[in-house]
Structures are given as structure tokens and as C-alpha cells.
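Listed here are the chains, written in short residue letters.
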Amino acid sequence: MLKGAGATALGPVITAAIQLGPVPFLVHSWGAAKYGDWLMLSAIPAYLSVSDLGFGNASGSDMTVRVAAGDREGALRTFQSSWALLLCLSLIIFTLTASLVWWFPWQPWLHLSSVSSRQAAAILFVFATYIIATQQNGILESGFRCDGNFATGTFFIMMVRFAEAFGALGMGLLTGKLLAVALTFLCIRIVATVSYALLLRKKSPWIKLGLRYADKQRIKELLAPALGFVAMPLGTALSLQGFTILIGALLGPVSVTIFSTLRTLTRFNFQILNVIGWTAWPELSAAFGARNIPLARRLHRHAYQAGLAISVLSGVLLWVAGPTLYRLWIRHAVTFDATCFHVLILVTFANSLWYTSSVVPMSTNAHHRIALSLVGFSAASLVVARFAIPALGLPGAAWSLLLIDLAMIWLVLRTSLRQLEDSFTQFLSGVFRVPRFWVPAPRPSLDSK
């Protein structure tokens with residue numbers, strides 16, 4: 001039912017290799033303090049990831065709905081309109097970053113232990129340029145998504161991230177310089193973006209890069225859903241990079257390394273949920289475009305059921321075997337905080353109760369309320385963490401994160417079920433119904449004897 005599910009099944013494996021593989025090598029080679037510097041510096045430019053105003057995801061949903069309805073010309077107009085705005089924004093962001101990043105005292109602000117403020121500025125500038133290059137992929141991905149090539153486009157980006165991670169790992173071990181590692185990311189991403197555009201041209205010749213069909217009115221129509229897509233990564237950045245920076249400022253780079261490695265291990269199931277959500281997204285957009293609400297409802301229930309089962313199983317496994325896995329992974333480079341680890345497992349489970357459902361409103365660009373709520377809850381959790389961390393240490397940060405997901409569960413489910421015309425009781429009944437893997441053969445009737 002979910003096209004491309006098989007092709008993206010390697011997603012969690014590749015993502016785990018990207019996130020888990022380089023960490024122990026860099027921690028041992030650089031030391032916990034220097035690796036903490038790297039985490040904080042790479043976290044700051046992540047806020048520029050919202051610089052495309054969310055037009056990549058907004059155009060992807062809009063184009064998929066239009067293609068399902070037979071409107072390719074309208075989809076092309078959306079594609080080029082989004083790309084025109086992105087080019088303008090990229091130029092503005094690049095100019096501002098190049099002008100301002102050199103003037104800030106990064107070293108005392110972030111308590112950096114291995115680089116000066118000037119070196120930190122150079123690293124931040126390279127990362128900002130890298131993220132601007134990455135943003136072009138968001139628009140290109142919408143072309144793959146709308147024309148039935150979602151799995152191909154997603155797998156390509158996964159392999160690019162794999163090449164970035166292990167190319168940067170090799171450079172980090174060889175040189176030990178943070179700037180060299182950042183430049184490795186940038187060079188690989190530039191080559192990959194050009195290749196991604198050429199692949200799209202080969203797969204879907206009708207989706208043309210250019211500005212001929214760019215339309216101001218279409219940009220205005222996409223503005224509201226695009227701003228909603230700004231809020232989603234901004235809320236995520238507040239909960240990921242925001243906590244990284246806050247912990248570094250309050251407890252130092254070593255604590256950043258401890259918290260980041262604990263969170264990376266506990267978020268493994270989220271990578272699987274992400275694959276499920278991204279696989280369901282274009283199918284849901286197509287179902288809504290064809291006005292097939294029953295199909296959309298079934299897609300949501302099956303995706304939620306799979307995500308919930310995976311979250312429970314992975315949570316139990318990590319709760320029991322996590323401490324041993326962590327020590328084998330990090331090899332005592334930093335201490336293991338058991339309380340923080342177990343709370344972070346609860347965070348990932350709570351996240352699974354709403355994340356898959358959030359794809360329903362995003363598939364039709366009707367996600368504004370939940371996106372803005374995520375930003376609000378994430379900002380509030382940072383305020384709570386500002387006081388909880390000095391009092392409780394790293395577990396205080398984990399408990400603060402849990403507040404975000406607990407607040408999002410009911411809001412997202414209510415929004416999604418309303419759009420699917422599904423009641424909460426029927427939804428639960430469908431989710432907790434055991435799938436039938438076999439169908440009994442019909443009994444012969446008496447008349448046939």
C-alpha cells in the first residue's frame with residue numbers, strides 16, 4: 001500500500017550508521033571536550049535550516065495533490081515559484097552570514113575549549129553555506145515526491161548523508177581540524193546537489209529548473225503552509241540544538257557530549273518512524289488529491305500501528321540492554337547517566353504517539369496550528385530546562401524534553417482524526433486490531449457434496 005516502503009527500508013540502518021558510527025572514533029580521537037565543541041558549533045547553523053521558509057515541503061505536498069488530480073502544469077508552476085523565492089532567500093542569508101559571523105565572541109559565549117572565536121566563525125560560515133546548499137535539495141525532493149519517485153529521491157539523499165558522515169570522519173581522524181571536517185561536508189553536498197538536479201531531470205523531464213513559470217500569486221498561496229513548515233524544523237531545532245547549546249552554556253562541552261550520545265542512542269526508533277512517516281506522506285497527499293478519504297484513513301491507521309509497535313519493542317530493548325550497548329559503543333570515554341537515559345527513552349516513546357499522525361495535516365498543507373504549537377512548547381521547555389538543569393543536572397534536560405511530546409499528543413491526534421473524518425474510538429479499534437496474516441479457506445457448503 002505504501003509505495004517505496006521497500007526501497008526506503010534501509011533508511012533506519014543507514015541513518016543509524018550515520019549517527020552512531022563516527023561518534024566513538026571522534027570522541028576517542030578528539031576527546032569529549034573537543035567533540036562537545038563540534039556539537040555546539042554544528043548546532044548553531046542548524047537554525048538556518050528554516051531559511052527556505054518551508055517552501056520545499058509546502059511545494060511537495062501541493063505538487064503531489066496537483067499531479068494526482070492531473071494538473072502537471074500547476075505542479076510545475078508551484079515548483080518554479082518555490083525555487084525562485086528560495087534563490088532570493090539563499091542570497092540574503094549568505095550575505096548576512098558572511099558579513100556578521102566574524103564579529104561575535106564565540107569562544108567565551110560557548111565556553112569552547114579547542115578553537116578561538118575566529119576559528120569558530122570560519123567553521124560557522126562554512127556550515128551556513130553547507131545548509132544553504134542543502135536547502136536546494138528540499139525543492140528538488142518535491143519533484144521526486146510528486147511524480148512517484150519518492151523512494152529514489154530519498155535513497156539518494158540517504159547515501160549522500162552516508163558519504164558526508166564517513167568522509168568527514170576520515171578527514172577528522174586524519175587532520176583533527178574542525179574546519180577541515182566542515183569543508184568536507186560542504187564539498188560533498190555541493191557535488192551531490194548538482195547530481196540530484198540531474199537525476200530529477202532524467203526521472204521527470206517535465207519538471208524543469210528555471211523561472212519561466214514562477215508566479216507571484218502561487219508564492220502567496222503557498223506562504224501560509226510554508227510558514228507552517230518553518231515552524232516544524234524550528235521547533236525541532238529548539239528541542240535538539242537548543243538543548244545542546246543550553247547544556248553547553250550551563251554545564252560545559254563534556255556534558256554536551258554525554259547528553260548528545262545518550263539522546264542519539266535513544267532516538268534510534270525515531271529514525272524508523274521518520275521512514276514510515278515520509279513513506280506515507282506522498283501516498284496521503286495523493287489520496288486526498290483523489291478525494292479518497294477512506295484510503296487516507298487506512299494509510300494513517302496502518303502507519304500509526306507500525307510506528308507504535310516499533311516504538312514499544314525498541315523502547316523495551318533499550319531499557320534493558322541500553323546501558324551495555326552504550327558502554328560498548330562509547331567505551332567509557334564519558335560517563336553513563338542512567339536516569340537521563342531512561343527518561344530519554346520515555347521521550348522517544350511519547351514522540352511516537354504523535355509524530356506519525358502529524359504527517360496527515362502536513363500532506364495537505366493544513367499543519368499550521370500544530371507547527372506553531374510545537375515551537376511554543378519547545379520554547380517553553382527550554383525555559384523550564386534553564387532552571388531544571390542546574391537543579392537536576394542532565395536528567396532535568398530530559399524531563400523538560402518530555403513536556404514537549406506530552407503536550408503534542410492530543411493536539412496532533414485531534415487535528416489528524418478530524419481531517420480523516422475518523423472518530424477516536426474507531427481509530428483506537430483499528431490501531432489495536434491484530435493484523436490477519438492468513439485467511440482461512442472457505443468451508444464447502446452442504447450443497448456441494
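Note that the structure is a prediction, hence the values are computed from the model and not measured.

Visitor: How should the pattern of salt bridges be read in this particular structure?
Guide: Between side chains of opposite charge, pairing is possible as soon as their charged atoms come close. Throughout the structure, instances matching the rule amount to seven salt bridges. We note a salt bridge from Arg 66 to Asp 62, for which the minimum N-O separation is 2.7 Å. One end of the pair, Arg 66, and the other, Asp 62, are both in helix H4 (residues 55-68), four residues apart, so they sit about a helical turn from each other. Asp 62 carries the same exposure label as Arg 66, and that label is buried.

Visitor: I'm lost on the environment of Leu 394 in this one. Help?
Guide: Relative to the helices and strands, Leu 394 is located in helix H17 (residues 394-419). With a relative accessible area of 8%, Leu 394 lands in the buried category. Taking the C-alpha atoms as reference points, Leu 394 and Val 256, 138 residues apart in sequence, are found 9.2 Å from one another.

Visitor: Which parts of the structure should I look at to understand the packing of aromatic side chains?
Guide: Using the criterion set out here, one finds 20 aromatic pairs in the structure. Taken together, a centroid distance of 5.4 Å and an interplanar angle of 50° make the contact between Phe 104 and Trp 106 tilted. The interplanar angle of 15° and the centroid separation of 4.8 Å between the aromatic rings of Phe 144 and Tyr 196 together place this pair among those described as stacked. Of this pair, Phe 144 sits in helix H7 (residues 117-146) while Tyr 196 sits in helix H9 (residues 178-203); the two residues are 52 residues apart in sequence, bridging distant segments of the chain. The class for Phe 144 is buried, based on a relative accessible area of 0%. Note on Tyr 196: relative accessible area 0%, which makes it buried. Put simply, the rings of Trp 30, Trp 38, Phe 127, Tyr 130 and Phe 185 touch in pairs and so form one group of aromatic residues. The side chain of Arg 386 reaches across the aromatic face of Phe 387, ending 6.0 Å from its centre.

Visitor: Explain the packing of helix H11 (residues 253-266) against helix H13 (residues 293-330) to me, please; I cannot follow it from the model alone.
Guide: A packed helix pair is summarised by two numbers, namely the angle formed by the two axes and the spacing between the axes. At a minimum axis separation of 11 Å, H11 and H13 run at an interaxial angle of 130°. Taken together, the axis directions place H11 and H13 in an arrangement best described as oblique. Seen from above, H11 lies across H13 with right-handed handedness. Here Ile 258, Thr 261, Leu 262, Thr 264, Leu 265 and Thr 266 of H11 come into contact with H13, specifically with Leu 318, Gly 322, Tyr 326, Trp 329 and Ile 330. For the contact of H11 with H13, the residue count by class is seven nonpolar, four polar and no charged.

Conventions used here
- Residues numbered from 1 in each chain as written.
- Predicted model: local features only at pLDDT ≥ 70, side-chain atom pairs only at ≥ 80, totals over all residues.
- Heavy atoms only, no water.
- Salt bridge = Lys/Arg side-chain N within 4 Å of Asp/Glu carboxyl O.
- Helix = DSSP H or I, 4+ residues; strand = E, 2+ residues; numbered from the N terminus.
- Buried < 20%, exposed > 50% of the residue type's maximum accessible area, 1.4 Å probe, protein only.
- Phe/Tyr/Trp six-rings, centres within 6.5 Å; stacked < 30°, edge-to-face > 60°.
- Lys NZ or Arg CZ within 6 Å of the ring centre and 35° of its normal.
- Axes fitted to C-alpha atoms, helices over the stretch in contact; angles between N-to-C directions.
- Parallel < 35°, antiparallel > 145°, perpendicular 65-115°, else oblique.
- Left-handed = near helix turned anticlockwise from the far one by under 90°.
- Contact = heavy atoms within 4.5 Å.
- Nonpolar A, V, L, I, M, F, W, Y, C, P; charged D, E, K, R; others polar.

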